[in-house]
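Overview (structure and organization)
Spelled out from the first residue to the last, the chains are:
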Amino acid sequence: ALKVAIVGLPNVGKSTLFNALTQTASAQAANYPFCTIEPNTGEVAVPEPRLEVLAKIVGSKEIIPARINFVDIAGLVRGASKGEGLGNQFLANIRDCDAIAFVARCFVDTDITHVEGRIDPLADLEIIETELMIADLESLEKRLPQLEKRAKSGGDKDAALTVSLINAALAELRDGRPARVAYEKGKISKEDTKAWEMLQLLTSKPALYVCNVDEASASTGNDLSEIVSKRAAADHAKSVVISAQIESEIALLDADERQEFLETLGLEEPGLNRLIREAYALLGLQSYFTVGPKEARAWTIHVGDTAPQAAGVIHTDFEKGFIRAETIAYEDFVKFNGEAGAKENGKFRQEGKEYIVKDGDVMNFRFNV
Ligand code: GDP
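All residue numbers here refer to positions counted from 1 along the written sequence of the relevant chain. Only residues with pLDDT of at least 70 are given local features in this predicted model, and only at 80 or more are side-chain atom pairs given and counted; all residues enter the totals for whole chains, interfaces and linings.

This next bit is on the overall build of the protein chain. Elements are defined by DSSP. Helices are runs of H or I of four residues or more, strands are runs of E of two residues or more, and each kind is numbered from the N terminus. In terms of helices and strands, the protein chain carries 15 helices and twelve strands. Taken over C-alpha atoms, the radius of gyration comes to 23 Å for the protein chain, in line with the 21 Å a tight globule of 369 residues would show. Taking the principal axes of the C-alpha coordinates as reference, the protein chain spans close to 65 × 65 × 30 Å. For the exposure call, what matters is how many other C-beta atoms sit within 10 Å of a residue's own: 20 or more marks it buried, 12 or fewer exposed, and in between partly exposed, using C-beta atoms placed from the backbone. Burial status across the protein chain gives 40% buried among its 369 residues. Only C-alpha atoms enter the radius of gyration, while the globule expectation follows 2.2 Å times N to the 0.38, with N the number of residues.

Looking now at the pairing of strand β6 (residues 207–213). Along β6, seven of the seven residues are buried, which leaves the element largely enclosed by surrounding structure. Covered by surrounding structure in β6 are Ala207, Tyr209, Cys211 and Val213 together with Leu208, Val210 and Asn212, the residues of both alternating faces. Where strand β5 (residues 99–106) and β6 come together, seven bridges link them in parallel fashion. When the sheet's bridge partners are listed, Val103 is paired in β6 with Val210. In short, DSSP must find at least two bridges between two strands for them to pair. Of the pairings in the sheet, the one linking β6 to strand β7 (residues 238–242) comprises five bridges and is parallel in character.

Attention now goes to the sheet that holds β6. The sheet built from six strands is open, its strands ordered β2-β4-β1-β5-β6-β7 with mixed pairing. Pairing within the sheet leaves two strands with one partner each, and these edge strands are β2 (40–45) and β7. Strand-to-strand twist in this sheet, taken as the mean axis angle between neighbours without regard to direction, amounts to 25°. Packing against the sheet, helix α1 (residues 14–22) makes contact with β1 (3–7), β2, β4 (67–72), β5 and β6, and its axis sits at approximately 45° to β2. Here an angle of 0 to 180 degrees is reported between the N-to-C directions of two axes, which are lines fitted to C-alpha atoms, with helices fitted over the stretch in contact. Contact between two residues is assigned when their C-beta atoms, built from the backbone, lie within 7 Å.

Take the UniProt feature "binding site: ATP" (unreviewed entry) in the protein chain next. Within this structure's numbering, the places UniProt gives as "binding site: ATP" (unreviewed entry) are Asn11, Val12, Gly13, Lys14, Ser15 and Thr16. Note that Asn11 resides in the loop between β1 and α1. Given 22 C-beta atoms within a 10 Å radius, Asn11 is considered buried. By C-beta crowding, Thr16 is classed as buried, having 22 other C-beta atoms within 10 Å. UniProt positions are given in the numbering used here, feature names are shortened, and annotations may be inferred rather than shown by experiment.

Let us look at helix α12 (residues 307–314). Of the positions making up α12, those classed as buried are Ala307, Pro308, Ala310 and Ala311. The buried side chains of α12 occupy one side of the element, clustering within an arc of 160° when seen end-on. Of the surrounding secondary structure, the elements contacted by the buried residues of α12 are β8 (285–291), β9 (295–302), α13 (316–320), β10 (322–328), β11 (349–351) and β12 (362–367). An arc is given here, and it is the one of the directions from the helix axis to the C-beta atoms.

The subject of this paragraph is unusual backbone geometry. Of note in the backbone geometry, Asn11 takes a positive phi value of approximately 65° without being a glycine. The residue Gln200 is not glycine, and still its phi comes out positive at about 55°.

Turning next to the domain arrangement of the protein chain. Annotation of the protein chain at the domain level lists domain 1 (3–282) and domain 2 (304–367). Between domain 1 and domain 2, the contact holds five residues from the first and seven residues from the second. Here the residues of the side of domain 1 that touches domain 2 sort into four nonpolar, no polar and one charged. The domain limits used here are those given by an automatic or database domain assignment. For this classification, the nonpolar set comprises Ala, Val, Leu, Ile, Met, Phe, Trp, Tyr, Cys and Pro, the charged set comprises Asp, Glu, Lys and Arg, and every other residue, Gly included, is treated as polar.

Take the UniProt feature "domain: TGS" (unreviewed entry) in the protein chain next. Within the UniProt annotation, "domain: TGS" (unreviewed entry) is assigned to residues 284–367. Each end of residues 284–367 is marked by a C-alpha atom, and these two atoms are 27 Å apart; helix forms 30% of the span and strand 37%.

As used throughout, a nonpolar core is a set of buried Ala, Val, Leu, Ile, Met, Phe, Trp, Tyr and Cys residues joined through C-beta atoms within 7 Å of each other. In terms of nonpolar packing, the biggest core is built from 69 residues, with Ala101, Phe102, Tyr209, Val210 and Ala279 touching the most fellow members. Top element by residues in this core is β5. It accounts for seven residues. The contacts of Val210, once residues within four sequence positions are left out, are Ala101, Phe102, Val103, Ala104, Val240, Ile242 and Leu275. Ala55, Ala310, Val357 and Val362 belong to the second largest nonpolar core, which has 23 residues in total.

Moving on: the pairing of β4. Where β1 and β4 come together, four bridges link them in parallel fashion. For Ala5, the partnering residue across the bridge sits in β4 and is Val71. Where β2 lies against β4, six bridges are found, and the strand directions are antiparallel. For Ala45, the partnering residue across the bridge sits in β4 and is Arg67.

In this fold, Val7 is placed in strand β1. When the C-alpha atoms of Val7 and Ala104 are compared, they prove to be 9.0 Å apart, with 97 residues separating the residues in sequence.

For the α-helix, the turn length of 3.6 residues means that residues three or four positions removed from each other point alike. The terminal C-alpha atoms of helix α5 (residues 157–174) lie 25 Å apart, and with 18 residues this matches the ideal 26 Å at 1.5 Å per residue to within 8%. Thr162, Leu165, Ile166, Ala168, Ala169, Glu172 and Leu173 are the residues of α5 that are buried. Mapping the buried residues of α5 onto a view down its axis gives an arc of 155°, with all of them on the same face. Away from the buried face of α5 by more than 90 degrees, exposed residues Lys157 and Arg174 are located. The secondary structure elements touched by the buried residues of α5 are α4 (121–152), α6 (180–184) and α7 (193–198). A helix is expected to span 1.5 Å multiplied by its residue count minus one.

Structure representation (structure tokens):
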């Protein structure tokens, strides 16, 4: 499963958030820097209310949601790109992830030390983004001369392409912007996406700013989170407001108590659900479903995947021997109360190799073995 790195300065609430996400006490939360040393990885179910609806219609015994991983990454301080704190380790762990959730401290609590001695989430984010930008800048500048030589000597088309991508990234980084901006502004052509990703830049990874607010602001956000959300838009990042403290309490409650607690807080669902869904979308992921008496299950695919690629997620044989995909849109499946009803109403489609699977498709694959 794909991995989302949880990143931020010490004492912003990363471990609290990670614990809530994974509902374990394994990532110790404590009031001092560098509490989390080894990266902790936790698998998290992607909340999917549609699966319950499908399971009810079909009478499925079990519900199997899609999953993504969150990695709690050791606290970063100013100077990480120079090896300060757990700098190098920290950067390597982030490089290994597919997207980044930056946690910004938007709660004021004088009992909890802030490494910089003040509450300023934007400045915090800038410290981190700056470290990542410096790391990218230095690694690219190191790689560039060699590649330029190869590109100049002619013949090496890959090197020439890489050089142009590196220069596009450097143009943003030298102006103090994350490399992702080059891609978002359309300066990298879509055909070169793979090569762009191969550069393995820290600041080209999709980013989500997590505003960790005080308990009282869980449903509304506060002045600080507003500032961060505005900044996210400018950085081509997403943002989400959450109270890690409350989420860790919600995570410990059973279903009934949880509902009641959420209502008193004015929340429709745990903030974590929003966070997980945002992260899933951030990774360019979506789900299709398979249903049967045994299970109703979500399968993870990339936006734009074809039917055979989607089949391959279940089993490589499904992709190799793909014949066709029997498909019903989720809305039709619900509206006509299952497959038989959907068939009667002409909503049961036979789709071929070229079909681009849509989020929520209920599918059954026909294949040769
Ligand atoms: P990390 O260093 O970023 O992993 O931060 P931790 O998750 O260990 O949190 C540091 C301290 O801040 C702990 O004492 C937490 O209980 C506290 N904390 C985390 N989130 C919140 C929050 O939303 N509100 C308040 N008041 N305290 C929080």
